[in-house]
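Read off the chains here:
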Amino acid sequence: MFRSLPESKPDAILNLMTQFRADPRTDKMDLGVGIYKDANGNTPVMHAVKRAEKKLVDTQDTKAYVGPVGSRPFCDSIIAQVMGKDADTDRIRAAQSAGGTGALRIIADLLKNLRGKANIWVSDPTWPNHFPVFNAAQLNIEPYPYYDAQNSRVDFDAMMGTLGKANKGDIVLLHGCCHNPTGADLSQDQWRAVAELCKTNQLFPFFDLAYQGFGDGLENDAWSVRHFAQVLPELAIATSCSKNLGLYRERAGAAILVAEDADNADRALGQLSIVIRSNYSMPPDHGANTSHLVWSDPELNKVWRDELDSMRERMTRLRSDFAEAMRKRSNSDQFDYIIGQKGMFSRLPLSTDQIEKLRSEHGIYIVGDGRINIAGLPDANMDALADAIMGVI
Ligand code: LMR
């Protein structure tokens, strides 16, 4: 039977990660997959996480099932982190998920069950894995213009123009902060305008919030979702502990549902629970339990926040250093846009051939659309990187 299956095309980002690992060159540079790296190119376990894991191993006295929506204390903590301490939690529910991608998928399945083959509008460009996830949930994907590559900024008028034509009840996928792949975020005024449009035209906002804490800090990065929750009756958020707790392989995250009132919130969570039970039954526990231990212990919480702050500050500095190195070589400010962008990514104006040349001749790994992982920029080797990029341009 398997003989009749077509060859599969590997995932562009994950395949690049595999190629990088297999590359024997010692001076190779990984600007590909979205994983935080320190100055030595390593992704160590965060200090607070290491301590929480030890505590977990020492104190956990059962591995009995938890349930489809996972741990209640974890869900309460992640609601507080994303929606803020003053949020109206009567109308908010969360289900622990298998990472941010797992949250995207279960929310998409829930929306498909509710709406049939509904339209979901995604930014052009967006994280490539949004396509297989929403296709698998049988939603109909439509692009809305987002990034003006010529001027390296959000094309807000075009975005609003297209979303203004969406049908009542359509779903709009929004990157709550640190847009992946461009790093170009909306201003608060622009977020207000999008929220108004969703309210007036009855569009359903669905946030992907995978990078909270990597842009302007934990509180500021959640401004968009908190504002939407204030002005709209319903929304959904897929959030993740992969990046801000560095728990990538543990697969911890949450699907957060904001409803009109407590009754509707319970109804929505009940349906989400059925989606989960019929899929993988219940989420993995270790990463979520570890996250909760970090958040609930004041000392570990502080250690974690300090480390997260220093990761963010380092990425901000790398943005400036890289733009500076490119300014010197190009005698222009054409790369300065990178400084003002947020989070882990920016996009370089490179062709497929140039990206391929960087990989084959210099061991520099960049995603095929020109996306670079800012945390992968080499502190000590910025000149070599800038020379190589200018060499292929
Ligand atoms: C990325 O965008 O590189 C990360 O979110 C990793 C992934 O799963 O693609």
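Residues numbered from 1 in each chain as written. Predicted model: local features only at pLDDT ≥ 70, side-chain atom pairs only at ≥ 80, totals over all residues. Heavy atoms only, no water.

1. Details of the domain arrangement of the chain
How large an interface is tends to be reported as the accessible area lost when its parts come together.
Argument step 1. For the chain, the assigned domains are domain 1 (10-44 + 310-392) and domain 2 (65-296).
Argument step 2. Here the C-alpha centre of domain 2 lies 27 Å away from the C-alpha centre of domain 1.
Argument step 3. The interface of domain 1 with domain 2 comprises 19 residues on the first partner and 22 residues on the second.
Argument step 4. For the pair domain 1 and domain 2, the summed buried surface comes to about 1700 Å²; carbon and sulfur atoms form 58% of the total.
Argument step 5. On the domain 1 side of the interface with domain 2, the three residues burying the most area are Arg-312, Lys-342 and Arg-347, jointly 35% of the side's total.
Argument step 6. Inspection of the domain 1/domain 2 interface yields one salt bridge. (Domains from an automatic or database assignment. Contact = heavy atoms within 4.5 Å. Buried area = accessible area lost by both parts, 1.4 Å probe. Salt bridge = Lys/Arg side-chain N within 4 Å of Asp/Glu carboxyl O.)

2. Looking at the environment of Leu-173
Argument step 1. Structurally, Leu-173 can be placed in strand E7 (residues 171-175).
Argument step 2. The sequence separation of Leu-173 and Ser-8 amounts to 165 residues, and the corresponding C-alpha distance is 27 Å.
Argument step 3. In contact with Leu-173, other than residues within four places in its own chain, are Leu-104, Ile-120, Trp-121, Val-122, His-130, Phe-134, Tyr-144, Phe-206 and Asp-208. (Helix = DSSP H or I, 4+ residues; strand = E, 2+ residues; numbered from the N terminus.)

3. What to know about the packing of aromatic side chains
The relation between two aromatic rings is expressed through the spacing of the ring centres and the mutual angle of the planes.
Argument step 1. Counting across every chain of the model gives nine aromatic pairs.
Argument step 2. The interplanar angle of 85° and the centroid separation of 4.9 Å between the aromatic rings of Phe-207 and Phe-228 together place this pair among those described as edge-to-face. Here Phe-207 is found in strand E8 (residues 204-209), whereas its partner Phe-228 is found in helix H9 (residues 223-231), with 21 residues between them in sequence.
Argument step 3. Members of the aromatic cluster, connected to one another through ring pairs, are Phe-74, Trp-295 and Trp-304.
Argument step 4. The ring centre of Phe-345 lies 3.7 Å from the NZ or CZ of Arg-371, which sits over that ring. (Phe/Tyr/Trp six-rings, centres within 6.5 Å; stacked < 30°, edge-to-face > 60°. Lys NZ or Arg CZ within 6 Å of the ring centre and 35° of its normal.)

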